[in-house]
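Below are the chains, spelled out letter by letter.
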Amino acid sequence: MHSPLSDLTTDRLVLTPKRTRHLATLDHLKNDWEVVRMLAMPAWPFVQRSDQVELDEGFHHLTMLCGKQIVGEVTVKRAGSGTPPRKMPRLGYFVGRPFWGRGYATEALAATVAAIFDRPGFGGDAPAERVGAGVFVDNPASRRVLEKLGFTKAGGYSLYCRARDSDVDVDDMQVTRSEFAAVGGRTP
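Now for a look at the structure at hand. Everything numeric here is computed off the predicted structure, so don't read it as measured data. (Residues numbered from 1 in each chain as written. Predicted model: local features only at pLDDT ≥ 70, side-chain atom pairs only at ≥ 80, totals over all residues. Heavy atoms only, no water.)

1. Let's talk about the overall build of the chain
Cut-off, in case you're wondering: Segments assigned H or I by DSSP are reported as helices when at least four residues long, segments assigned E as strands when at least two residues long, and all are numbered from the N terminus. Only C-alpha atoms enter the radius of gyration, while the globule expectation follows 2.2 Å times N to the 0.38, with N the number of residues. The classification of residues rests on relative accessible area computed with a 1.4 Å probe and restricted to protein chains. Under 20% of the type maximum is buried, over 50% is exposed, and intermediate values are partly exposed. Contacts are residue-level and defined by heavy atoms, with any inter-residue pair within 4.5 Å sufficient. Under the convention used here, a 1.4 Å probe and the Shrake-Rupley method define accessible areas, while residue burial counts only the protein chains that appear. Here the positive residues are Lys and Arg and the negative ones are Asp and Glu; neither His nor the chain ends is included. To locate a charge, take NZ of a lysine, CZ of an arginine, CG of an aspartate or CD of a glutamate.
Counting its secondary structure elements, the chain contains 5 helices and 8 strands. Put simply, the chain runs from its N terminus to its C terminus through helices and strands in the order β-β-α-α-β-β-β-α-β-α-β-β-α. At 15 Å, the chain has a C-alpha radius of gyration in line with the 16 Å of a compact globule built from 188 residues. Classification of the 188 residues of the chain by burial places 47% in the buried group. Long-range contacts, defined here as pairs at least 24 residues apart, represent 64% of the contacts in the chain between residues at least 6 apart. When the accessible surface of the chain is summed, it comes to about 9700 Å², and 53% of that surface belongs to carbon and sulfur atoms. Computed over 25 positive and 22 negative side-chain charges, the separation of the two mean positions in the chain equals 3 Å.

Here it is as structure tokens:
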């Protein structure tokens, strides 16, 4: 049995728990308007975070590595975390612009979704049967990544985006264990 926090590996990537030494590179990749405008939380102009990894029991922050190169980040918001408590695990992610178009997001999210479904404790206290993710409606590339993994639109909502300083329409995307398996999802 795998530890919920052990590395996830794919053909090209390692997703490893985020460490302090990753922060400067992740911040550098995020300090790009084309990246940060598609994320809800970071402000613009982007301000470097502290030099310590935030510890939040409700989240897994995974640094996406291709060899020794940091290319992005995946966040798993665990079921039961948040206020009100999340009903299912939810994903957040970004890939730095120099690495766009190489399939890294799809590969990383496939491994992450498989881990949520297959690793006890990774997506929440109980085994997950469904995973969610929000995608800004003006982000078709991110939508395609999710759709390749079997995610479909389950609703929509408006969310404040700090970088844009405005509300943005979001499609709520979800995938079930069987939908993920139907598109070839597998344990990493």
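2. Quick look at the packing of aromatic side chains
The test is simple: In this scheme Phe, Tyr and Trp rings, the latter by its six-membered ring, pair at centre separations within 6.5 Å, and the angle between planes marks the pair as stacked below 30 degrees, edge-to-face above 60, and tilted otherwise.
Across all of its chains, the model carries 2 aromatic pairs by this definition. On the basis of an interplanar angle of 50° and a centroid distance of 5.9 Å, the ring pair of Phe-117 and Phe-180 is categorised as tilted. In this pair, Phe-117 sits in helix α3 (residues 104-118) while Phe-180 sits in helix α5 (residues 177-182), placing the two residues 63 residues apart along the sequence. Accessibility assignment for this pair places Phe-117 and Phe-180 in one class, buried.

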